[in-house]
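# Breakdown of the fold
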Amino acid sequence: MRFTLFSRLVLGYLAIFLLVMAVSLYAVYQLRRFHEVTRSVLEGDRRILDLEEKLSDALLSQVRYEKKFFITKDKALYDQFLLFKSDFDRLLDQAISIADFQGKIFLDSVRERYQRYEGLVREEIELLRTRRAYSEERYRQQKESAVSGIMGDLEKLKMHAQQSSQGKLTGLAEAGADAHRVAMLMVAVSLGLVLAVSLLITRSVTRPLSALKERTSRIARGEFEGDVKVSSPPEIAELASAFDLVCDRLKDLDQMKADFFSTMSHELRTPLTSIKEGIGLLLEGVGGSVTEKQKRLLTILAEEGERLIRLVNSLLDLSKMEAGMMTYNIEPGSLAPLIQRAVTEIGPLAEAKRIKIEARISEQLPLVKIDADRILQALRNLIGNAVKFTPDGGRVTLSAQQKNGAVQVSVTDTGPGIPAEDLPMIFDKYRQGTSKSSYMLRETGLGLAIVKYIITSHGGQVWVESEAGQGSSFIFVLPY
Ligand code: ADP
C-alpha cells in the first residue's frame, strides 16, 4: 500500500510529536521523583531528627525533676516531671507516626524502656508514700539503666535518620546522573529519528520529483522514450503518468514534424530540380533551336528557378532549426579550409563585380568542435551577403584569429553598411533591411537568421558592427 503525500506528512509529524512527548514525559517523571525524594528527606528524616532532639530534652528534664523530687520531696517538682512526661508521650506518638520501619523498631524499644523507667518512678513514690524501706541505690541504678537505654535508642534513631537521608541524597545524585544519561540518550535517539523521518519523507517526495526533472531534461533533448518509473506517493504518481501521456503526445508530434520535413523537402525539391534541368536542356538547344528572345526568357526562368531552390532550401533549413530537428555532426575541425572553400565558391561572382577578397587567417588557429557543413553554410551566407551588397570594385576582408579562449571570424565589406535602426533586427527572419538595394536584390531574408541558429547551436555568438555608408563587419566567435 502506498501512502499519500498528505498521510506521509501527517504520520511523520505524528511520529516526531510522539517522540518529543516521550522525552518530555520522561523528564517530567524524573523531576517528580526528585521532588518526592527531596520532600521525604525534608519532611521525614529532618522531622525525625528534630523529634529525637526534643525527646532527649524532655527525658533529661524529667530525669532532672525526678531526681530533685526524690531529694526535696516537693510535690511541685513531681508535677513538672508529669508535665514533661506528657510532652514525651506526645512527641513519641508523633515520631512513631512518621518513622519508617527501622525507626519504628527503635521507637518501640524507647517506649518499652520508658514505660519501665516510669514504672520504677511510680513504684518508688509508692514506697515513699507507704514509708516502706527499700534500696534507693537499686532503684537509682535501674532507672539510670532504663534512661541510658532510651538515650541509646534515641541515638540509634538519630544515626538511622542521618544515614537514611544521606542514603537518599546519594541515591538522588546517582538517579540524577542516570536520568541525565538516559535523557541525553533519548534526546540523541529522538534527534536521530526526527532526522531519519524527515529525510525519509523528503526523499519520498524529492526522488520522484528529480526523476520527473530528469525526464523533462531528456524530453528537452528530444528523447521521448521510457516512462517515469519510481515508486512515489499517489499524487506524484498521477503527475508522472500525466507526464508520460504528454510525452507520448510529444513523441507523436515529433514524428509528424520529421515526416513533414522529409515529405516537404522531397515534394518541393524534386519538381524544382526537374524544372531547372529542363530549362538548362532547353537553353542548350536540346529541344530544338532557341531564338534570342526565348533564350533571354529562359535565362530569367533559370535565375528565378535557382532563387526558388535557394528559398526552399533556406526555408526548410530554418524550419528544421526552429523545430529543433536539425542534427549536427560535431567533430573537431579547422575553420581555415572552410573559409577558403567559401571564398573559392564566391570567387566567380566577386570577380564579375571586381571585388577583391582578402583573407587574413591566423596560422595558429586551434581546432574547434564544429559541424563543418553547417559552419560552411554560415560562412557562405556571410561572405555571400558581403559580396552581394558591396558595390563593384569594393573589397571584402576575412579574418580568423584566436581570441579569449575562442576563435573569432569576421567578414568585413566596403558595402553600403546597415542603418542603425535596422541593426537590432538584422538577424530576425524575413528582415531585409530598409535600404533600397536589399529590395532590389530580392533575396529571402533568411540567411542571417540561419547563421545565428548555426553559431548559437555551436555555443558561439554572432553580431554585426556597421554604420550606414561605412561598410559592415559580421563577426562570430566559436569556443574551443
Ligand atoms: P537576405 O540577404 O536574403 O536578404 P539576410 O538574412 O542574409 O537576408 O540579410 C538580411 C538583411 O540584412 C539584408 O536584406 C540586408 O538588408 C542586410 N544585410 C546583410 N548583410 C549585409 C551586408 N554585408 N551589408 C549590408 N547589409 C546587409
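Below you will find a few notes about this structure. Residue numbering note: each chain is counted from 1, following its sequence as written. In view of the model being predicted, local features appear only for residues whose pLDDT reaches at least 70, and side-chain atom pairs are presented and counted only at 80 or more, with totals across whole chains, interfaces and linings using the full set of residues. Processing note: side-chain calculations cover all non-hydrogen atoms of the structure and skip hydrogens and water entirely.

### A few points about the pattern of salt bridges
Salt bridges are defined as contacts in which a side-chain nitrogen from Lys or Arg sits within 4 Å of a carboxyl oxygen from Asp or Glu. As enumerated under the stated definition, the model contains 26 salt bridges in all. The residue Asp 79 makes a salt bridge to Lys 75 at a minimum N-O spacing of 3.3 Å. Linking Asp 79 with Lys 75, this pair stays in helix H2 (residues 75-98), spanning four residues, or about one helical turn. A salt bridge links Lys 429 to Glu 322; the nearest nitrogen and oxygen atoms lie 2.8 Å apart. One end of the pair, Lys 429, is in the loop between strand S5 (406-413) and helix H9 (436-441); the other, Glu 322, is in helix H6 (residues 292-322), with 107 residues separating them in the sequence. Burial classes: relative accessible area under 20% of the type maximum marks a residue as buried, over 50% as exposed, and values in between as partly exposed (1.4 Å probe, protein chains only). Looking at Lys 429, the relative accessible area reads 33%, which means it is partly exposed. What you see here is one network of salt bridges that share partners, running through Lys 85, Asp 89, Glu 118 and Arg 122. Here a strand is any run of E in DSSP of at least two residues, a helix any run of H or I of at least four, and the numbering for each starts at the N terminus.

### Here we look at the sheet that holds S5
Ordered by their spatial adjacency, five strands build an open sheet running S2-S4-S5-S7-S6, and the pairing between neighbours is mixed. Two strands lie at the open edges of the sheet, namely strand S2 (356-361) and strand S6 (461-466), each paired on one side alone. Averaged over all pairs of adjacent strands, the angle between their axes in this sheet comes to 15°, without regard to strand direction. As defined by bridge partners, strand S4 (residues 395-403) adjoins S5 across eight bridges and the pair is classed as antiparallel. The partner of Gln 402 across the bridge, within S5, is Val 407. DSSP bridges decide pairing: two strands pair if at least two such bridges lie between them. Angles here are taken between N-to-C directions and fall from 0 to 180 degrees, while the axes themselves are lines fitted to C-alpha atoms, restricted in helices to the stretch in contact.

### Notes on the environment of Ile 475
Position of Ile 475 among the secondary structure elements: in strand S7 (residues 472-479). The exposure class of Ile 475 is buried, given its relative accessible area of 5%. Each C-alpha atom of the pair Ile 475 and Val 464 lies 6.1 Å from the other, and the pair is eleven residues apart in sequence. Beyond its immediate chain neighbours, meaning those up to four positions away, Ile 475 contacts Gln 408, Val 409, Ser 410, Gln 461, Val 462, Trp 463 and Glu 465. Working rule for contacts: check all heavy atoms of both residues, and any pair within 4.5 Å makes them a contact.

### Some remarks on the nonpolar core
Leu 335, Ile 375, Leu 379 and Ile 383 are the most contacted members of the largest nonpolar core, which has 43 residues in total. Ignoring anything within four residues of it in the chain, the contact list for Leu 335 reads Leu 365, Val 368, Ile 370, Ile 375, Val 407, Val 409 and Leu 478. Throughout this description, the term nonpolar core refers to a set of buried Ala, Val, Leu, Ile, Met, Phe, Trp, Tyr and Cys residues connected via side-chain atoms within 4.5 Å. Ala 58, Leu 92, Ala 146 and Leu 157 belong to the second largest nonpolar core, which has 31 residues in total.

### Brief notes about the side chain of Glu 52
Along the polypeptide, Glu 52 turns up in helix H1 (residues 5-72). Neither His nor the chain ends is counted toward charge; the positive residues are Lys and Arg and the negative residues Asp and Glu. Of the side chains bearing the opposite charge, Lys 158 lies closest to the buried Glu 52, which forms no salt bridge; the N-O distance is 4.9 Å.

### As for unusual backbone geometry
Phi is positive for Lys 73, close to 60°, though the residue is something other than glycine. If you trace the backbone, Lys 73 turns up in the loop between H1 and H2. If you check the backbone angles, Asn 404 has positive phi at about 45° while not being a glycine. If you trace the backbone, Asn 404 turns up in the loop between S4 and S5. Classification of Asn 404 as exposed rests on a relative accessible area of 77%.

### Looking at the packing of H6 against helix H10 (residues 447-457)
When two helices pack together, you describe them by how their axes are tilted relative to each other and by the distance separating the axes. Viewed as axis vectors pointing N to C, H6 and H10 meet at an angle of 40°, and their least axial separation amounts to 10 Å. It follows that H6 is oblique to H10 by the angle criterion. In this structure, H6 crosses over H10, and the sense of that crossing is left-handed. Contact with H6, carried on its side by Ser 314, Asp 317, Leu 318, Met 321 and Glu 322, involves Ala 449, Ile 450, Tyr 453 and Ile 454 of H10 and no other residues of that element. Residues were grouped as follows: Ala, Val, Leu, Ile, Met, Phe, Trp, Tyr, Cys and Pro as nonpolar; Asp, Glu, Lys and Arg as charged; and all remaining residues, including Gly, as polar. Residue classes in the contact of H6 with H10 are distributed as six nonpolar, one polar and two charged. These descriptions rest on fixed angle ranges, namely under 35 degrees for roughly parallel, over 145 for roughly antiparallel, 65 to 115 for roughly perpendicular, and the rest for oblique. For any helix crossing, the convention is left-handed if the near helix is rotated counterclockwise from the far helix by under a right angle, and right-handed if that rotation is clockwise.

### Some details on the packing of helix H8 (residues 372-389) against H10
Interaxial distance between H8 and H10 falls to 9 Å at its minimum, and their mutual angle equals 145°. For the element pair H8 and H10, the recorded crossing hand is left-handed. Contacts between H8 and H10 involve Arg 374, Ile 375, Gln 377, Ala 378, Asn 381, Leu 382 and Asn 385 from the former and Gly 447, Leu 448, Ile 450, Val 451, Ile 454 and Ile 455 from the latter.

### What about the pairing of S6?
The two faces of S6 differ: Val 462, Val 464 and Ser 466 on one face are buried, but Gln 461, Trp 463 and Glu 465 on the other face are not. Where S6 and S7 come together, six bridges link them in antiparallel fashion. Paired with Val 462 across the strands is Phe 476, a residue of S7. The antiparallel pairing of S6 with S7 creates a hairpin that spans five residues between the two strands, and Gly 469 there sits at a positive phi of about 85°.

### Notes on the packing of aromatic side chains
Two rings belonging to Phe, Tyr or Trp (six-membered ring only in the last case) form a pair when the distance between their centres is within 6.5 Å. Interplanar angles under 30 degrees mark stacking, angles over 60 mark edge-to-face geometry, and anything in between is tilted. For the coordinates displayed, the defined rule picks out ten aromatic pairs. On the numbers, 5.2 Å between centres and 40° between planes, the contact of Phe 69 with Tyr 78 is tilted. Tyr 78 shares its class with Phe 69; the two are buried. Residues Phe 427 and Phe 474 carry aromatic rings whose centres are separated by 6.2 Å and whose planes lie at 80° to one another, so their mutual orientation is edge-to-face. You can see Phe 427 sitting in the loop between S5 and H9 and its partner Phe 474 sitting in strand S7, a full 47 residues away along the chain. A single burial state applies to Phe 427 and to Phe 474, both of which are buried. Ring pairing ties together the aromatic residues Phe 69, Phe 70, Tyr 78, Phe 81, Phe 88, Tyr 114 and Tyr 117, which thus form one cluster. Charge-over-ring contacts are defined here by two conditions on Lys NZ or Arg CZ: a distance within 6 Å of the ring centre and an angle within 35 degrees of the ring normal. In this structure, Arg 138 is placed above the aromatic ring of Tyr 139, and the distance from its NZ or CZ to the ring centre is 5.4 Å.

The analysis is restricted to geometry; functional conclusions fall outside its scope.
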